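The chain contents come next:
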Amino acid sequence: MGKSNKKDNPHAKHRYRMKEKFRRNGLKAFEPHEMVELLLYYARPRVDTNEIAHDLYNKFGSVAKILDADPNELQSVSGVGTETVTFIKFFREMFKEYTTQKNSPGTLLNTTEKIGEYLKCKYIGEKEEVVYLLCFDNTMKMLSCSEMSRGSAMGTEISARKIIEIAIRENAGSVILSHNHPLGYPSPSSDDIASTVELRRRLKLVGVDMLDHIIVGNNMYVSLAQSGAFMFSD
């Protein structure tokens, strides 16, 4: 077989320029639709992905929403087939795995901002409610992140006994609870606050400090501790 020639692909020069721009400057030099175009090069190696990228961005409105979109919705865009959808989902899951491994047990998460950003990544692509328990040692190194429930509403359904058992097993000095609002703003309900205050009281009885309960939604997070929900619980 002979070597492939750039003439075989009429888009090769444009792709070369785009890749060089990325190598020199990273994504900061790219418009959002250009980020999508560059991503699609690796799913559609011999197709002009500029128009597809524009159509995807116009339909979904952001890179994040493209990555999180339902496969059937993605395929409603002309030029997007099964292989393209598979690559988009693979890219998103790889990013999620990268973030999870980067913040693996032993990572120092000593500010609300660091914990909030970590949790935002944990909930990437989640379509149902998930509750996590983060356990920390006395220096705020994360000992573990355990999934407590999936698909059920936050509140009394979360077993305080199970949370206490995990905290004791991990020899945690403190814990943080989190859950997500897949379809809305991360505003705490009265049940969220009441159940958190009660859980905090029960953890204190076994010598574990519940530092916070963080709610994630719409790529934002709310800290119940910062909102003052713990003010009268001590």
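These notes cover the structure that comes with them. (Residues numbered from 1 in each chain as written. Predicted model: local features only at pLDDT ≥ 70, side-chain atom pairs only at ≥ 80, totals over all residues. Heavy atoms only, no water.)

**Some points on a nonpolar patch on the surface**
Operational definition: Grouping into patches uses exposed residues only, defined as over 30% relative accessible area, and leaves out salt-bridged ones; the cut-off is 9 Å for like charges and 5 Å for nonpolar side chains (Val, Leu, Ile, Met, Phe, Trp, Tyr). In this description, accessible areas are obtained by the Shrake-Rupley approach with a 1.4 Å probe, and a residue is regarded as covered only by the protein chains that are shown. The rule for a salt bridge is simple: a side-chain nitrogen of Lys or Arg has to be within 4 Å of a carboxyl oxygen of Asp or Glu. Labels follow the DSSP assignment, with helices taken as runs of H or I lasting at least four residues and strands as runs of E lasting at least two, numbered in each case from the N terminus.
Where nonpolar side chains cluster on the molecular surface, the patch consists of Ile168, Leu205 and Val206 and spans about 300 Å² of accessible area. Residue position: Ile168 is located in helix α8 (residues 160–169).

**Description of α8**
Structural remark: α-helix, 3.6 residues per turn; residues separated by three or four positions point the same way. Note the cut-off: With a 1.4 Å probe rolled over the protein chains alone, any residue whose accessible area is under 20% of its type maximum counts as buried; one over 50% counts as exposed, and the rest are partly exposed. Note: the arc covers the axis-to-C-beta directions of the helix. We call two residues in contact when some of their heavy atoms are within 4.5 Å.
For α8, the full list of buried residues reads Ala160, Ile163, Ile164, Ile166 and Ala167. One face of α8 carries all of its buried residues, which in axial projection span an arc of 165 degrees. α8 presents Arg161, Glu165, Ile168 and Arg169 as exposed residues on the side facing more than 90 degrees away from its buried surface. Looking at the buried side of α8, the elements it contacts are β1 (130–136), β2 (142–150), β3 (174–180) and α9 (190–205). Looking at the residues trailing α8, positive phi occurs at Asn171, about 55 degrees.

**Overview of unusual backbone geometry**
Look at Asn218: it is not a glycine, yet its phi comes out positive at around 55 degrees. You can see Asn218 is positioned in the loop between β4 (209–217) and β5 (220–223). Here Asn218 falls in the exposed class, since its relative accessible area comes to 51%. One non-glycine residue, Asn219, adopts positive backbone phi at about 60 degrees.

**Quick word on the pairing of β4**
Rules: Consider the strands pointing away from the viewer: the crossover is right-handed when the path from the first strand over the helix to the second runs clockwise. We call two strands paired when DSSP finds no fewer than two bridges between them.
With seven of its nine residues buried, β4 lies for the most part within the structure. You can see the chain leave β3, run along α9 and come back into β4, and the turn it takes is right-handed. Note that β4 and β5 share four bridges and pair antiparallel. Bridge pairing links Gly217 to Met220 in β5. Here β4 hands over to β5 after two residues, with Asn218 in that stretch at a positive phi of 55 degrees.

**Digging into the environment of Phe22**
Along the chain, the position of Phe22 falls in helix α1 (residues 12–25). Each C-alpha atom, one on Phe22 and one on Leu38, is 9.0 Å from the other, the two residues being 16 residues apart in sequence. Apart from residues no more than four positions distant in its own chain, Phe22 is found in contact with Leu27, Phe30 and Leu38.

**Topic: the sheet that holds β2**
Formally: Axes here mean lines fitted to C-alpha atoms, for a helix over just the part in contact, with angles spanning 0 to 180 degrees between N-to-C directions.
As summarised here, the arrangement of the five strands in space is β2-β1-β3-β4-β5, forming an open sheet in which the pairing is mixed. The open sheet has two edge strands, β2 and β5, and neither has a second partner. If you compare each strand with its neighbour and ignore which way they point, the axes differ by 20 degrees on average. The pairing of β3 with β4 spans seven bridges and is parallel. Pairing of Ser178 across the sheet is with Ile214, part of β4. With respect to the sheet, helix α7 (residues 112–122) is in contact with β1, β2, β3, β4 and β5, its orientation differing from that of β5 by roughly 135 degrees. Along the sheet, α8 contacts β1, β2 and β3; its crossing angle with β2, the most-contacted strand, is approximately 160 degrees.

**Here we look at the nonpolar core**
Short version of the rule: We call a set of buried Ala, Val, Leu, Ile, Met, Phe, Trp, Tyr and Cys residues a nonpolar core when their side-chain atoms join them within 4.5 Å.
With 16 residues, the main nonpolar core has Leu133, Ile163, Val175, Leu177, Leu199 and Leu203 as its most contacted residues. Breaking this core down by element, the ones donating at least two residues are β1, α8, β3 and α9. No other element matches α8, which puts five residues into this core. Once residues lying within four places of it in the same chain are set aside, the contact partners of Leu199 are Ala160, Ile163, Leu177 and Met210. Judged by nonpolar contacts, the second largest core, of 15 residues, contains Val36, Leu40, Ile66 and Val77.

**Some remarks on α9**
Stated formally: Here the expected span of a helix is defined as 1.5 Å times the quantity of residues minus one.
Between the first and last C-alpha of α9 there are 23 Å, a value that for 16 residues agrees with the 22 Å anticipated at 1.5 Å per step. Taken together, the buried positions of α9 are occupied by Asp192, Ser195, Thr196, Leu199, Arg200 and Leu203. For α9, the angular spread of buried residues about the axis comes to 140 degrees, placing them on one side. More than 90 degrees from the buried face of α9, the exposed residues found are Ser190 and Leu205. For α9, the secondary structure elements touched by its buried residues are α8, β3, β4 and α10 (224–227). Positive backbone phi, approximately 80 degrees, marks Gly207, located one or two places after α9.

By themselves, these figures tell us nothing about what the structure is for.
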